[in-house]
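# Coordinate analysis (summary)
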Amino acid sequence: MLVLYETAAGYALFKLVNDAKLEKADDIWKDFETADKANQAVKLKAFSKFENTTDALSAVTGLVEGKVPKNLKKFLEAEISDAEKKKEKLVVCDPKLGSAVNKKFGINVVSDSTVMDLYRGIREQFESLVSGLSHDDLSAMSLGLSHSLSRYKLKFSPDKVDTMIVQAIGLLDDLDKELNTYSMRVKEWYGWHFPEMGKLLVDNLAYAKVIKAMGFRTNAQQTDLSSILPEELEQEIKEAAEISMGTEISDEDILNIHALCDQVIHITEYRTQLYEYLKNRMNAIAPNLTALVGELVGARLIAHTGSLMNLAKQPASTIQILGAEKALFRALKTKHNTPKYGLIYHASLIGQAAPKFKAKVARMLSTKSAMALRVDALGETETADIGIQGREQVETRMKMLENRAWGMGNKDKSNQKQQKFKLNKTAQYNTQADAPAAMDVDESPAAPVAAETKNDKKRPAEEEASDDATETKKAKKEKKEKKDKKEKKDKKEKKEKKEKKKKD
């Protein structure tokens, strides 16, 4: 059985003399009490020393992540033959590294709790097992490597990247404000010369580029704007320039306008560059949150709380209303309804939802975001699987809500409870009324008989209606009387209380 042992100096491969000793793990410490016993228990097969600190650092970072570094791969390939791979077993301390070695080389690996005592014994007697390494050299190597690893981890720590995201999103918002101010000033300034172009061109960057290319509106026909605008829009601007109502401006005016246009173009280009930087940072530090709510909303949430760790500590209900603190406290003070969403409202999923479902979607999205944040802040994975899965679940829930609302409008009402059927008595057909017009005077009494029967049948209906009306009047009177009695009682009680207070 072979034993792989990693140190700050390099990799060591030992051969366990008696494999049966590993089965009795409780007594294995006795074989490492002295240097002689240790040399009898294990024999050094090979030792590979690190060339420099960078080589050791790359190896250690790979081992910490459970990966097989290149130098370890070369060492194992050189020292373990194909025949040994089939026969022998390799003892590895870290289970993650053990599974990675097993996948790479196909060798049987032992990395359970029984090997810990064996590694403790090798660590105690390592200087006697490997010749040429003193205790001082080993401690110096360990200290140097630990410092290098600490610097590496600090350099790429999530806490340090948080500050970059907070600064980047703050600068992005400031740039947007400046761009709006500058663009409005350009449109107002050049609008005196060519006011019609402001209505035709909405995009600020295109507006500034057209001014830079064209200058005075009289140059519109000779200027080629195909690289800036589509063909139809270019033609419209050229036609509008011929019949423009704007005033004339001097060369000095156009130079100042051009300088301002340069500022707008430069700031817009820098903004796109900054947005790409922020996007890459967010995908690196919080991929799951980015998949759920997007880069800008995720960065604003992190900036609002100060860091990713602070945001990950918040419950879903707090994440939902982050950014709406003023509205929340005002609602609590005035005892009105509390806000349903804050910064998370700008997420694309909430924008896609119908107005009546926005609060439900915000609640679901904040719950999924809380889970994704904890994976990003405390998990070891760098993929966005949790975020993508959560987004799919929110989307399916949104579809269900929309289908349910549509189904309620087209609901089949045949299964609803039917009202009790009441038979309304109608007047029966009188056959005696079918007498011809040219009838004798003696037979005429049939008509009054028919009228009498009709009137008789109308009376019960009228009587029923009058009975209902009287009943409602009685009920109203009873209610009024009860109200009056209650008011009188309350007045008496108040008077009695006042009298008692005066006496006291």
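Position numbers for residues start from 1 in each chain and track the written sequence from start to end. This being a predicted model, a pLDDT of at least 70 is required before a residue's local features are given, and a value of 80 or more before pairs of side-chain atoms are given or counted; all residues contribute to the totals for chains, interfaces and linings. Note: side-chain values were computed over all heavy atoms of the structure, leaving out hydrogens and water.

## What about the overall build of the protein chain?
The helix and strand tally for the protein chain stands at 22 helices and five strands. Accessible surface is estimated by sampling points in the Shrake-Rupley manner with a 1.4 Å probe; for residues, cover comes only from the protein chains shown. Split by element, the accessible area of the protein chain, about 33,700 Å² in all, is 52% carbon and sulfur. Strands are runs of DSSP state E lasting at least two residues, helices are runs of H or I lasting at least four, and both sets are numbered from the N terminus onward.

## A word on the sheet that holds strand β1 (residues 2–6)
The criterion for strand pairing is that DSSP finds at least two bridges linking the strands in question. Read from one edge of the open sheet, five strands run β3-β2-β1-β4-β5, paired in mixed fashion. The open sheet terminates on both sides in strands that have one partner only, identified here as β3 (42–49) and β5 (108–110). The mean angle between the axes of side-by-side strands here comes to 25 degrees, regardless of whether they run parallel or antiparallel. The pairing of β1 with strand β2 (residues 10–16) spans five bridges and is classified as antiparallel. Each bridged residue has a counterpart across the sheet, and for Leu4 the counterpart in β2 is Leu13. Here an angle of 0 to 180 degrees is reported between the N-to-C directions of two axes, which are lines fitted to C-alpha atoms, with helices fitted over the stretch in contact.

## Some points on the packing of helix α13 (residues 251–285) against helix α15 (residues 295–305)
At a minimum axis distance of 10 Å, the contact between α13 and α15 shows a crossing angle of 75 degrees. As judged from the angle between their axes, α13 and α15 are roughly perpendicular. When α13 is examined against α15, the residues Tyr275, Leu278, Lys279 and Met282 are found in contact with a partner set consisting of Glu295, Leu296, Gly298, Ala299 and Ile302. For this scheme, ten residues count as nonpolar: Ala, Val, Leu, Ile, Met, Phe, Trp, Tyr, Cys and Pro. Four count as charged, namely Asp, Glu, Lys and Arg, and the remainder, Gly too, count as polar. Residue classes in the contact of α13 with α15 are distributed as six nonpolar, one polar and two charged. Note that the term roughly parallel is reserved for angles under 35 degrees, roughly antiparallel for angles over 145, roughly perpendicular for angles of 65 to 115, and oblique for everything else. In what follows, residue pairs with any heavy atoms lying within 4.5 Å of each other are defined as contacts.

## Here's the deal with the side chain of Thr305
Summarising the element assignment, Thr305 is placed in helix α15. Those residues in contact with Thr305, other than ones at most four positions away along the chain, are Asn310, Leu311, Gln314 and Leu322.

## Quick look at unusual backbone geometry
Although it is not a glycine, Lys335 adopts a positive phi angle of roughly 60 degrees. Within the element layout of this structure, Lys335 appears in the loop between α18 (325–334) and α19 (348–352). The class of Lys335 is exposed, set by a relative accessible area of 77%. When a residue's accessible area, from a 1.4 Å probe over protein chains only, is under 20% of the maximum for its type it is buried; when over 50% it is exposed; and in between it is partly exposed.

## With respect to a positive patch on the surface
A contiguous patch of positive charge on the surface is contributed by Lys488, Lys491, Lys492, Lys494, Lys495, Lys497, Lys498, Lys500, Lys501, Lys502 and Lys503. As for its placement among the helices and strands, Lys501 is situated in helix α22 (residues 446–503). Overall, the relative accessible area of 67% leaves Lys501 in the exposed class. Patch definition: residues above 30% relative accessible area lacking any salt bridge, with like charges linked at up to 9 Å and the nonpolar side chains Val, Leu, Ile, Met, Phe, Trp and Tyr linked at up to 5 Å. Salt bridges are defined as contacts in which a side-chain nitrogen from Lys or Arg sits within 4 Å of a carboxyl oxygen from Asp or Glu. His is not counted, nor are the chain ends; Lys and Arg add positive charge and Asp and Glu add negative charge. Charge positions are represented by NZ for Lys, CZ for Arg, CG for Asp and CD for Glu.

## Some details on the environment of Phe105
For Phe105, the location among the structural elements is in helix α5 (residues 95–105). Classification of Phe105 by relative accessible area gives buried; the value is 14%. Along the primary structure Phe105 and Lys85 are separated by 20 residues, whereas in three dimensions their C-alpha atoms are 7.8 Å apart. Non-local contacts of Phe105, meaning those with residues more than four positions away in its chain, are made with Lys73, Leu76, Glu77 and Lys85.

## A word on the nonpolar core
Here the nonpolar core consists of buried residues drawn from Ala, Val, Leu, Ile, Met, Phe, Trp, Tyr and Cys, with membership extended through side-chain atoms lying within 4.5 Å. Tyr190, Met197 and Leu201 are the most contacted members of the largest nonpolar core, which has 69 residues in total. No other element matches α13, which puts eleven residues into this core. In contact with Met197, other than residues within four places in its own chain, are Tyr190, Tyr207, Val210, Ile211, Met214 and Ile237. Formed by 26 residues, the second largest nonpolar core is a distinct cluster that contains Leu2, Val60, Val68 and Phe105.

## Re the side chain of Glu234
Locating Glu234 in the fold gives a position in helix α12 (residues 231–242). Contacts of Glu234, omitting those with residues within four sequence positions, involve Thr223, Asp224, Leu225, Ser226 and Leu229.

## Digging into the packing of aromatic side chains
Classification of ring pairs uses Phe, Tyr and Trp, with its six-membered ring standing for Trp, and accepts pairs whose centres are within 6.5 Å; under 30 degrees between planes counts as stacked, over 60 as edge-to-face, and the remaining range as tilted. Evaluation of the coordinates by the stated rule reveals five aromatic pairs. Judged by centre distance (5.3 Å) and plane angle (35 degrees), the rings of Tyr5 and Phe126 are tilted. Taken together, the positions of Tyr5 in strand β1 and Phe126 in helix α7 (residues 126–129) put the pair 121 residues apart, joining distant regions of the chain. As far as burial versus exposure is concerned, Tyr5 and Phe126 are alike and both buried. Taking 5.3 Å as the distance between ring centres and 75 degrees as the angle between the ring planes, the aromatic pair formed by Tyr11 and Phe50 counts as edge-to-face. With Tyr11 in strand β2 and Phe50 in the loop between β3 and α2 (53–64), this residue pair connects regions lying 39 residues apart in the sequence. Three or more aromatic residues link up through ring pairs in this structure, and these residues are Tyr5, Tyr119 and Phe126.

## Quick look at the pattern of salt bridges
Considering all chains together, one arrives at eleven salt bridges under this definition. Taking the shortest distance from any N to any O, the salt bridge between Glu248 and Arg217 comes out at 3.3 Å. You can see Glu248 sitting in the loop between α12 and α13 and its partner Arg217 sitting in the loop between α11 (204–214) and α12, a full 31 residues away along the chain. Judged by its relative accessible area of 60%, Glu248 falls in the exposed class. Residue Arg217 is classed as buried on the basis of its relative accessible area of 9%. A salt bridge links Arg391 to Glu395; its shortest N-O distance comes to 3.6 Å. One end of the pair is Arg391 and the other is Glu395, both in helix α21 (residues 385–409) and four residues apart, which spans about a single turn.

## Observations concerning the pairing of β1
Of all five residues that make up β1, four are buried, and the element is covered over most of its length. In textbook terms, the turn of a hairpin is the stretch between consecutive antiparallel strands, and for β1 and β2 this stretch comprises three residues. Bridge count for β1 against strand β4 (residues 89–91) is two bridges, and the pairing is parallel. Across the sheet, Val3 pairs through a bridge with Val91, a residue of β4.

## Here's the deal with the confidence of the model for the protein chain
Here pLDDT means the predictor's own confidence in every residue, given as a number from 0 to 100. Put simply, the protein chain has an average pLDDT of 82, and 85% of its residues get 70 or more. Note on residues 437–454: pLDDT is under 50 here. Beyond four places in sequence and across chains, it has four contacts.

## A short note on α2
In an α-helix, one turn spans 3.6 residues, which is why side chains three or four residues apart end up on the same side. Look at α2: 16 Å from first C-alpha to last across twelve residues, which is about the 16 Å you get at 1.5 Å a residue. Those residues of α2 that fall on the buried side of the exposure criterion are Ala56, Leu57, Ala59, Val60, Thr61, Gly62 and Leu63. Gly66 sits one or two positions beyond α2 and adopts a positive phi of about 80 degrees. How far a helix is expected to stretch is found by multiplying one less than its residue total by 1.5 Å.

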